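Okay, here's what each chain looks like letter by letter:
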Amino acid sequence: MKLPDSDKLYTFASLSPYSPRQRITIKAADLAFYSLIRSIGNTVKFEVEGIANLESIRSTGRTPIYATWHDRIFLGTYFLRDQGIVFLTSQSFDGEYIARFLQRFGFGVVRGSSTRGGARGLAQMVRELKRGAAMGFTVDGPKGPRYEAKPGPVILAKKTGEPILPFIIEPSGFSTVGSWDKLQIPHPFARARVIFGKPIYVSETAGDEELDRKLRELQASLDDLTEQGIEWRRQF
């Protein structure tokens, strides 16, 4: 749900901190990724498993904190488009063009990461989530290690009482790029399996021990969903 007084989350940030050459590169990368994701995403046939896990959150009036792996951002962006979900992106050159193509798909963007501006970004996510905007994390970003969940969603769940919803999207065929996350670029006209895991709730009074346990639960859930996706893909 897009909130009227949070429009700044859904609009491009100024590129004034960047050099003229960097500005051109950011705009070109933004448009290239947007065009590629939309053109391929339009051809992909999605099938969804575990939708009851998402519906169980919504039926109780709660708001999900979506959590997935960084290498699934391509199809995740297309599948979850135009729902006003707010994602955390890094305060960096790469983070800027990622923020822009996310916003083109109707996402909101909070700037911050585990390395730069993380506390400020998380505080803003807490405010927006309490006002009803769903949140999203690529939990092993912005730079890995790959498939190693970081605690941001767990901390956010503690501070708001809202549940984490782990999910993965597995395409039947894809290529990867040479980035740290081995980003998946699905083949045109591929099928894709969207799998939602069980919601993870964190007590608002959780101490370090419970937070560690919930982070391990999130890791285990995403590991299991990933294995389910790989097993599904083996049929093709």
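Residues numbered from 1 in each chain as written. Predicted model: local features only at pLDDT ≥ 70, side-chain atom pairs only at ≥ 80, totals over all residues. Heavy atoms only, no water.

Enquirer: Looking at this structure, I do not really get helix α2 (residues 51-59). What am I missing?
Expert: Note on helix geometry: an α-helix contains 3.6 residues per turn, so any two residues three or four positions apart are oriented the same way. Considered for burial, the residues of α2 that qualify are Asn53, Leu54 and Ile57. Buried residues along α2 cover an arc of 100 degrees about the axis, so they all sit on one side. Across from the buried face of α2, at angles greater than 90 degrees, the exposed residues are Ala52 and Ser59. For α2, the elements touching its buried residues are β2 (65-68), β6 (164-171) and β9 (191-196). Looking one or two residues beyond α2, the residue adopting positive phi is Gly61, at roughly 75 degrees. (Buried < 20%, exposed > 50% of the residue type's maximum accessible area, 1.4 Å probe, protein only. Helix = DSSP H or I, 4+ residues; strand = E, 2+ residues; numbered from the N terminus. Arc of directions from axis to C-beta. Contact = heavy atoms within 4.5 Å.)

Enquirer: How do you make sense of the pairing of strand β5 (residues 135-138) when you look at a structure like this?
Expert: Consecutive side chains along a regular strand alternate between the two faces of the sheet. Along β5, one buried face is formed by Met135 and Phe137 and the opposite face, lined by Gly136 and Thr138, is buried too. Direction of pairing for β2 relative to β5: parallel, over a ladder of 4 bridges. Each residue of the ladder has a partner; that of Tyr66, found in β5, is Gly136. Across 2 bridges, the pairing between strand β3 (residues 86-89) and β5 is parallel. Bridge assignment links Val86 to a residue of β5, and that residue is Met135. (Pairing = 2+ DSSP bridges.)

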